[in-house]
Amino acid sequence: MLNTIGVIGLGVMGSNLALNMANKGEHVSIYNYTRDLTDKLLEKVEGQMLTPYYVLEDFVQSLEKPRKVFLMVTAGKAIDSVIQSLVPLLEKGDIIMDGGNSHYKDTERRYNELKAQGIGYLGIGISGGEIGALTGPSIMPGGDQDIYEKAAPILTKIAAQADGTPCCTYIGPEGAGHFVKMVHNGIEYADMQLIAEAYTFLRENVGLSVEEIADTFETWNQGELKSYLIEITAEILRKKDDLTGLPLIDVILDKAGQKGTGKWTSMQSIDNGIPTSIITEALFARYISALKEERVHAEKVLAGPNKKHLQDLDKNRWIESVRQALYMGKICAYAQGFTQYKMTSELYNWNLPLKDIALIFRSGCIIRAEFLNVISEAYQNQPALANLLIAPYFAEKTKDYQSGLRKMVCEGILSGTALPCLSASLSYYDSYRTGSSNANLLQAQRDYFGAHTYERRDQEGIFHTNW
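Values in this document were obtained by computation on a predicted structure and should not be read as measured data.

Novice: Can you help me understand the packing of aromatic side chains in this one?
Specialist: When we look at a pair of aromatic rings, we describe it by the centre distance and by the angle of the planes. Within the structure shown, the criterion is met by 22 aromatic pairs. Centroid distance Tyr 348 to Trp 350: 4.9 Å. Interplanar angle 55 degrees. Geometry classified as tilted. For Trp 350, a relative accessible area of 5% corresponds to the buried category. Three or more aromatic residues joined by ring pairs form one cluster here, namely Tyr 104, Phe 179, Phe 338, Tyr 341, Tyr 348, Trp 350 and Tyr 379. One residue, Arg 286, lies across the ring of Tyr 189, its end atom 3.7 Å from the ring centre. Positioned over the ring face of Tyr 327 is Lys 397, at 5.9 Å from the centre of the ring.

What follows is the structure, given as structure tokens:
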């Protein structure tokens, strides 16, 4: 009997996706360019429906037609190399699916090259990490819809479930799936940094212990801040180091890594004039964290205000202000991400299903959160909604919560506590709600030194002044 799908690339994600497929009743062929990972996977799965192959030709021949090959290979040249090896072995109508973090422009190129040869190509965003890959990730497929429909029975089967609905939906043509995953990762960067800033403020300014902050996050996770990242933050803060007995968070070096998708999100937004300041500040926060040695030296050289805990004030009131500030920051970060979806969709004529994108993020993925239901409802009620901030639910929330964000950012500035994403959230919010901005002065300056012209408030046309 021929197998229903094949997986190439058996690292952590590929192995777990293959197991997920097998657990859901699929007969899966597996292949890796080095056999050690294949053998390592087989040691775990006696009796499961995984069939190993060590020759690529045999792997391809083991699949039922139209063949479905799922790639879990490192993004970049490795994907191109695998595709080049596969294509001579495939036939028209076969389907290649790239489940890695490929850049959406690379996906568009591969889609066009393979379509010319009669081979279907899907760029599939996958979020959920290794656990999600095994138990059910959020899946974002892009490409031709008729090709997606052929793979959909398997993809929806292995996806996470939310309210009985698979967290997988057709995203749009060509590179749309990988684009949505890319911006998802940008939102993830912002969400993580916002949480880190809330933690820092509670510890350094409010004076809470690590255990008290863990309790606080656990409480928050029972309410409107309920999310995967809040949940795991509480668990992280409770973890003790086996060697020292200290909270593990105090042993981990404060240098953050990144794999590039956050950078791609910022670059794409800059190229297309889309404001994503919070996401970009989250990226820059990781960059400056990498300058550990410089920061240690600068701490001894550069002056700042004397930091004082706010212990003499009502801690509970400050905790509530931080909760409100974090919620405001998250609203603004998701607003920027979904604005990037909307503006890029219009730019490329993708017709991205924003309400459905919010729904498939509700389970399996890293940014799953309680208020994604509200985001989906906002786009359900107003498909042409310009920005989430002006959706009735969120506009009402900002009335109540903006004061908490202002209070926290002001105290951070006065105490010398860096809050780059919360500060950017407040600036974004205030900039977006400002009907008459200072850009008229910018235009006057541009016209003065470069004769770049300007428009007027009181009449139509393009003008230049002989300054």
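Novice: Help me understand the nonpolar core in this model?
Specialist: Generally speaking, soluble globular proteins have nonpolar side chains that are buried together. Phe 217, Tyr 334, Phe 338, Tyr 341, Phe 361, Ile 375 and Leu 388 are the most contacted members of the largest nonpolar core, which totals 83 residues. Two domains each donate at least three residues to this core, and these are domain 1 (5-170) and domain 2 (181-433). Judged by nonpolar contacts, the second largest core, of 32 residues, contains Ile 95, Ile 126, Ala 133 and Ile 147.

Novice: Whenever I open this one, the domain arrangement of the chain confuses me. Can you help?
Specialist: The figure often quoted for interface size is the accessible area lost as the parts come together. Annotation of the chain at the domain level lists domain 1 (5-170) and domain 2 (181-433). For domain 1 and domain 2, the distance between their C-alpha centres works out to 32 Å. Domain 1 puts 26 residues into the contact, and the matching count from domain 2 is 19 residues. Contact with domain 2 buries surface across domain 1, with Asn 101, Tyr 104 and Met 140 losing the most and accounting together for 30% of the total. Connecting domain 1 to domain 2 are 1 salt bridge. In this structure, Arg 362 and Asp 163 form a salt bridge, with 2.9 Å as the shortest nitrogen-oxygen distance.

Novice: Just checking my understanding: could you explain the environment of Gly 120 for this structure?
Specialist: Residue placement: Gly 120 occurs in strand E6 (residues 120-127). Among all residues touching Gly 120, those that are not within four sequence positions of it are Asp 94, Ile 95, Ile 96 and Ile 147.

Novice: In this structure, what is going on with the UniProt feature "active site" (unreviewed entry) in the chain? I would like to understand it.
Specialist: Feature annotation in UniProt assigns "active site" (unreviewed entry) to the following positions: Lys 181 and Glu 188. Within the secondary structure, Lys 181 sits in helix H8 (residues 176-204). With a relative accessible area of 5%, Lys 181 lands in the buried category. If we ignore the near neighbours within four places in the chain, the residues touching Lys 181 are Asn 101, Gly 125, Ile 126, Ser 127 and Met 140. Relative to the assigned elements, Glu 188 resides in helix H8. Residue classification places Glu 188 among the buried positions, given a relative accessible area of 14%. Among all residues touching Glu 188, those that are not within four sequence positions of it are Ile 366 and Ile 367.

Novice: I would appreciate a short explanation of the sheet that holds strand E5 (residues 95-98) in the present structure.
Specialist: Each strand in a sheet pairs with its neighbour through backbone hydrogen bonds, running either in the same direction (parallel) or in the opposite one (antiparallel). In space, the 7 strands of this open sheet follow the order E3-E2-E1-E4-E5-E6-E7, with mixed pairing throughout. Edge positions in the sheet fall to strand E3 (50-53) and strand E7 (138-142), since each of these pairs with one other strand and no more. The average undirected angle you get between the axes of adjacent strands in this sheet is 25 degrees. Relative to the sheet, helix H2 (residues 35-44) contacts strand E2 (28-31) and E3, its axis offset from that of E2 by approximately 140 degrees. With respect to the sheet, helix H4 (residues 77-86) is in contact with strand E1 (5-8), strand E4 (68-71), E5 and E6, its orientation differing from that of E4 by roughly 160 degrees.

Novice: Honestly, unusual backbone geometry in this entry has me stumped. Any pointers?
Specialist: If a residue is not glycine, its phi is most likely negative; likewise, a peptide bond is most likely trans. Following Lys 65, the chain continues into Pro 66 via a peptide bond in cis, with omega recorded as -10 degrees. If you trace the backbone, Pro 66 turns up in the loop between helix H3 (56-61) and E4. Positive phi values are uncommon outside glycine, yet Asn 349 reaches one of about 60 degrees. Relative to the assigned elements, Asn 349 resides in the loop between helix H14 (315-348) and helix H15 (354-360). Looking at Asn 349, the relative accessible area reads 67%, which means it is exposed. At Thr 453, a residue that is not glycine, the phi angle is positive and equals roughly 70 degrees.

Novice: Just checking my understanding: could you explain a nonpolar patch on the surface for this structure?
Specialist: Together, Tyr 448, Phe 449 and Trp 467 make up an exposed nonpolar region whose accessible area comes to about 450 Å². Inspection of the secondary structure assignment puts Trp 467 in the segment after helix H19 (439-450).

Novice: Just checking my understanding: could you explain the state of the cysteines for this structure?
Specialist: In protein chemistry, a disulfide is the covalent bond that joins the sulfur atoms of two cysteines. Under the counting rule described, the total for this entry stands at 0 disulfides. With no disulfide of its own, Cys 167 has Cys 365 as its nearest cysteine by sulfur position, at a separation of 7.6 Å. Using a relative accessible area of 1% as the deciding quantity, one classes Cys 167 as buried. There is no disulfide at Cys 332, and the cysteine sulfur nearest it, in Cys 421, is 11 Å away. Here Cys 332 falls in the buried class, since its relative accessible area comes to 0%.

Novice: Help me out: how do you make sense of the side chain of Asp 98 in this one?
Specialist: Along the chain, the position of Asp 98 falls in strand E5. Residue Asp 98 is classed as buried on the basis of its relative accessible area, which comes to 0%. One polar contact links Asp 98 to Ser 102, side chain to side chain, over a distance of 2.5 Å.

Novice: Before we go on, may I ask you to explain the packing of H8 against helix H18 (residues 420-432) in this structure?
Specialist: Two packed helices can be described by the angle between their axes and the distance between those axes. One can describe the packing of H8 onto H18 by two numbers: an axis separation of 8 Å at closest approach and a directional angle of 110 degrees. One finds that H8 runs roughly perpendicular with respect to H18. Along its contact with H8, which presents Gln 193, Leu 194 and Glu 197, the element H18 presents Pro 420, Cys 421, Leu 422 and Ser 425. Tallied by class, residues from the contact of H8 with H18 come to 4 nonpolar, 2 polar and 1 charged.

Here is what the cut-offs are and how they apply
Residues numbered from 1 in each chain as written. Predicted model: local features only at pLDDT ≥ 70, side-chain atom pairs only at ≥ 80, totals over all residues. Heavy atoms only, no water. Phe/Tyr/Trp six-rings, centres within 6.5 Å; stacked < 30°, edge-to-face > 60°. Buried < 20%, exposed > 50% of the residue type's maximum accessible area, 1.4 Å probe, protein only. Lys NZ or Arg CZ within 6 Å of the ring centre and 35° of its normal. Core = buried A, V, L, I, M, F, W, Y, C linked by side-chain atoms within 4.5 Å. Domains from an automatic or database assignment. Contact = heavy atoms within 4.5 Å. Buried area = accessible area lost by both parts, 1.4 Å probe. Salt bridge = Lys/Arg side-chain N within 4 Å of Asp/Glu carboxyl O. Helix = DSSP H or I, 4+ residues; strand = E, 2+ residues; numbered from the N terminus. UniProt positions renumbered as here; feature names shortened; annotations may be inferred. Pairing = 2+ DSSP bridges. Axes fitted to C-alpha atoms, helices over the stretch in contact; angles between N-to-C directions. Patch = residues over 30% accessible without salt bridge, like charges linked within 9 Å, V, L, I, M, F, W, Y side chains within 5 Å. Areas by Shrake-Rupley, 256 points an atom, 1.4 Å probe, with all protein chains shown as cover. Disulfide = S-S within 2.5 Å. Polar contact = N/O pair within 3.5 Å; in protein donor to acceptor, adjacent residues only side chain to side chain. Parallel < 35°, antiparallel > 145°, perpendicular 65-115°, else oblique. Nonpolar A, V, L, I, M, F, W, Y, C, P; charged D, E, K, R; others polar.

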